[in-house]
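Residues per chain are reported as follows:
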Amino acid sequence: MYSGEQKKTVYDVIKRRRDVRSFINKEIPEDAIMNIIQAGHDGPSVGFMQPWNFIIIQSQEVKEKLAWAANKEKRALAIHYEDKDERHQKFLGLKVQGLKEAPITICVTCDPTRGGSHVLGRNSIPETDIMSTACAIQNMWLAATVEGLALGWVSFYKKNDVRDILNIPPHIDPVALLSIGYTNHYPDKPILEAEGWEKRQQLDGLIFAEKWGDKVE
């Protein structure tokens, strides 16, 4: 179905994708943004519920408000590392969001009512709406990489803060703030790995055969 070179390209994009938090002031072509959103919309969803919406944010005023919400939560989370001095300092030094720098931020939301009261698969596992939205986000991340753009998933915020800032209805879940732009610093490794926060686990230890705990021979 695909040539060896095409397959290599896909795997290279998956391996190269990074969570980026530093952006430069350079305009993004509109078709690139729409390609990224289309890639999200082309993602798989359980019961074909397609629970996502995409809010495109370009206003500096709105980005400032979102940055406030993220910084507030970062300060609150820092308390968890106060008894671990080295980690506390590392955490405070991490750049966890580039909301004010990025030309565009996209809020990806999840509507748990999409599709009505009975959606194939969601009745058994309600979390499949969030799982489906995560699939859309991964597609967007890979598409951004293909477009030569950096993308950072901001995950430090209280959802009600984001709902208030973006006028999102109470039942809609603001799953992700995706900051997108060009960067001069596209890392070779994930930021947290490069900073020594965590190490990549060895794949061999994560694969079992037939049942949990049985190693592959």
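Residues numbered from 1 in each chain as written. Predicted model: local features only at pLDDT ≥ 70, side-chain atom pairs only at ≥ 80, totals over all residues. Heavy atoms only, no water.

1. Here we look at the side chain of Arg-21
Keep this limit in mind: Where helices and strands are cited, they refer to DSSP runs of H or I of at least four residues and of E of at least two residues respectively, numbered from the N terminus. Polar contact is the term for a pair of N or O atoms within 3.5 Å; when the atoms are in protein, one must be able to donate a hydrogen and the other to accept it, and sequence-neighboring residues count only if both atoms are side-chain atoms.
Tracing the backbone through its elements, the reader meets Arg-21 in the loop between helix H1 (4-16) and helix H2 (30-41). A distance of 2.4 Å separates polar atoms of two side chains, one belonging to Arg-21 and the other to Asp-19. A polar contact of 2.8 Å, which involves the side chain of Arg-21, links it to the backbone oxygen of Trp-153.

2. Brief notes about the nonpolar core
Inclusion rule: What makes a nonpolar core is a set of buried Ala, Val, Leu, Ile, Met, Phe, Trp, Tyr and Cys residues whose side-chain atoms join them at distances within 4.5 Å. When a residue's accessible area, from a 1.4 Å probe over protein chains only, is under 20% of the maximum for its type it is buried; when over 50% it is exposed; and in between it is partly exposed. Contacts: residue pairs with any heavy atoms within 4.5 Å of one another.
Ranked by size, the top nonpolar core spans 24 residues in total, and within it Ile-28, Ile-106, Leu-149 and Ile-180 carry the most contacts. Secondary-structure elements contributing two or more residues to this core are H2, strand E2 (104-110), helix H5 (128-146) and strand E4 (173-181). Of all the elements, H5 adds the most residues to this core, at six residues. Excluding its chain neighbours within four sequence positions, the residues that come into contact with Ile-106 are Ile-33, Ile-37, Phe-54, Ile-55, Met-140, Ala-176, Leu-177, Leu-178 and Ile-180. Core analysis: the second largest hydrophobic core is formed by 13 residues, Ala-67, Val-162, Leu-166 and Leu-177 among them.

3. As for the sheet that holds strand E1 (residues 52-57)
What counts, and what does not: Pairing between two strands requires that DSSP report at least two bridges joining them. Here, axes are lines fitted to C-alpha atoms. For helices the fit covers the stretch in contact, and angles between N-to-C directions go from 0 to 180 degrees.
Within the open sheet, the four strands sit side by side as E1-E2-E4-E3. Their pairing is antiparallel. This sheet does not close on itself; its edge strands, each paired only once, are E1 and strand E3 (150-154). Across the sheet, the mean angle from the axis of one strand to that of its neighbour is 25°, orientation sign disregarded. By the bridge criterion, five bridges tie E3 to E4 in an arrangement that is antiparallel. Bridging from a neighbouring strand, Ala-150 pairs with Gly-181 of E4. Here helix H6 (residues 159-166) sits on the sheet and contacts E1, E2 and E4; the angle it forms with E4, its principal contact strand, is near 70°.

4. Quick look at the packing of H2 against H5
Packed helix pairs are characterised by how far apart their axes lie and by the angle those axes make with each other. Definition in use: By convention, the crossing between two helices is left-handed when the near helix turns anticlockwise from the far helix through less than a right angle, and right-handed when the turn is clockwise. Under the scheme applied here, ten amino acids are nonpolar (Ala, Val, Leu, Ile, Met, Phe, Trp, Tyr, Cys and Pro), four are charged (Asp, Glu, Lys and Arg), and all others, including Gly, are polar.
Packing of H2 against H5 leaves a shortest axis separation of 7 Å and a crossing angle of 145°. Along this stretch, H2 crosses H5, giving a crossing that reads as right-handed. Here Asn-35, Ile-36, Ala-39 and Gly-40 of H2 lie close against H5, whose contacting residues are Ala-136, Asn-139, Met-140, Ala-143 and Ala-144. Classifying every residue of the contact of H2 with H5 gives six nonpolar, three polar and no charged.

5. Notes on the packing of helix H3 (residues 60-77) against H6
The following threshold applies: To sort the angles, those under 35 degrees are grouped as roughly parallel, those over 145 as roughly antiparallel, those from 65 to 115 as roughly perpendicular, and the leftovers as oblique.
Where H3 contacts H6, the two axes come as close as 10 Å, and the packing angle between them is 170°. Considering the angle they form, H3 stands roughly antiparallel to H6. Between H3 and H6, the residues in contact are Val-62, Lys-65, Leu-66, Trp-68, Ala-69 and Lys-72 and Asp-161, Val-162, Ile-165 and Leu-166, respectively. Per-class residue counts for the contact of H3 with H6 are seven nonpolar, no polar and three charged.

6. So, unusual backbone geometry
Notably, Asn-167 is not glycine yet its phi reads approximately 60°, a positive angle. As for its placement among the helices and strands, Asn-167 is situated in the loop between H6 and E4. Notably, Glu-210 is not glycine yet its phi reads approximately 75°, a positive angle. Along the chain, the position of Glu-210 falls in the segment after helix H7 (191-194). Taking relative accessible area as the criterion, Glu-210 reaches 86% and is therefore assigned exposed.

7. Quick notes on H3
For an α-helix the count is 3.6 residues per turn, leaving residues at separations of three or four pointing the same way. Heads up, the condition is: Expected helix span is given by 1.5 Å per residue-to-residue step, counting one fewer step than there are residues. The directions from the helix axis to the C-beta atoms are what the arc is built from.
If you check H3, its first and last C-alpha atoms are 25 Å apart, about what 18 residues at 1.5 Å a residue would give, namely 26 Å. Those residues of H3 lying buried are Lys-63, Leu-66, Ala-67, Ala-69, Ala-70, Glu-73 and Lys-74. Buried residues of H3 fall within an arc of 160° about the axis and therefore sit on the same side. Of the exposed residues in H3, those oriented more than 90 degrees away from the buried face are Glu-61 and Arg-75.

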